[in-house]
Amino acid sequence: MLSALAAGVQAEPSAARQGELRHLLEQDCGSCHGLTLKGGLGPALTQQAMQRLPEEMYVNTILDGRPGTPMPPWRGILTEDEVRWLVEGLRSGF
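Residues numbered from 1 in each chain as written. Predicted model: local features only at pLDDT ≥ 70, side-chain atom pairs only at ≥ 80, totals over all residues. Heavy atoms only, no water.

Caption draft 1: Highlighting the confidence of the model for the protein. Residues of the protein with pLDDT of at least 70 account for 90%, and the chain-wide mean is 92. Low pLDDT, under 50, characterises residues 1–6; the stretch is placed with zero contacts to residues that sit more than four places away or in other chains. (pLDDT = per-residue confidence, 0-100. Contact = heavy atoms within 4.5 Å.)

Caption draft 2: Up close: the pattern of salt bridges. Taken as a whole and judged by the stated rule, the model has six salt bridges. The partner of Arg17 in a salt bridge is Glu82, with the nearest N and O atoms 2.6 Å apart. Residue Arg17 is located in helix α2 (residues 15–33), and its partner Glu82 is located in helix α4 (residues 80–92); the two are separated by 65 residues in the primary sequence. Glu82 sits in the buried class, given a relative accessible area of 11%. The shortest N-O distance in the salt bridge between Glu80 and Arg84 comes to 2.8 Å. With Glu80 and Arg84 both in helix α4, this residue pair falls four residues apart, about one helical turn. A residue is classified by how much of its surface remains accessible, and Glu80, at 39% relative accessible area, is partly exposed. Counted as one network, the salt bridges with shared partners bring together Glu55, Glu56, Glu80 and Arg84. (Salt bridge = Lys/Arg side-chain N within 4 Å of Asp/Glu carboxyl O. Helix = DSSP H or I, 4+ residues; strand = E, 2+ residues; numbered from the N terminus. Buried < 20%, exposed > 50% of the residue type's maximum accessible area, 1.4 Å probe, protein only.)

Caption draft 3: Geometry of the nonpolar core. Counting 18 residues, the largest nonpolar core has Leu25, Leu78, Val83 and Val87 as the members making the most contacts within it. Secondary-structure elements contributing two or more residues to this core are α2, α3 (55–64) and α4. Take this core: its biggest share by element is five residues, from α4. Apart from residues lying up to four places away in sequence, Val83 is in contact with Val59, Ile62, Leu63 and Leu78. (Core = buried A, V, L, I, M, F, W, Y, C linked by side-chain atoms within 4.5 Å.)

Caption draft 4: Structural view of the side chain of Thr61. Note that Thr61 resides in helix α3. A polar atom in the side chain of Thr61 sits 2.9 Å from the backbone oxygen of Met57. (Polar contact = N/O pair within 3.5 Å; in protein donor to acceptor, adjacent residues only side chain to side chain.)

Caption draft 5: Main features of the packing of aromatic side chains. For the structure on display, the rule yields one aromatic pair. On the numbers, 5.4 Å between centres and 65° between planes, the contact of Trp85 with Phe94 is edge-to-face. It is Arg22 that lies over the ring of Phe94; its NZ or CZ is 3.9 Å from the centre. (Phe/Tyr/Trp six-rings, centres within 6.5 Å; stacked < 30°, edge-to-face > 60°. Lys NZ or Arg CZ within 6 Å of the ring centre and 35° of its normal.)

So this is what it looks like as structure tokens:
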């Protein structure tokens, strides 16, 4: 039973990994979503913009990409927990 409960708990990335994820967000995501994340080739990733859709939609889009668009899948590069941490950070305004 405890293992089932633990499986539903999101693991927060280490402080070092959080720094790497923030760098990835600013550089890699920022190359399409704008260096200030206010939009560019891709839509804005500002705190306000990130409230428009359910969190799960953002998580799935990051993990699986958007076919027919420049949005690549990040599954295999980022874990689901890391993506959830990024989405929660964007939604809370870091």
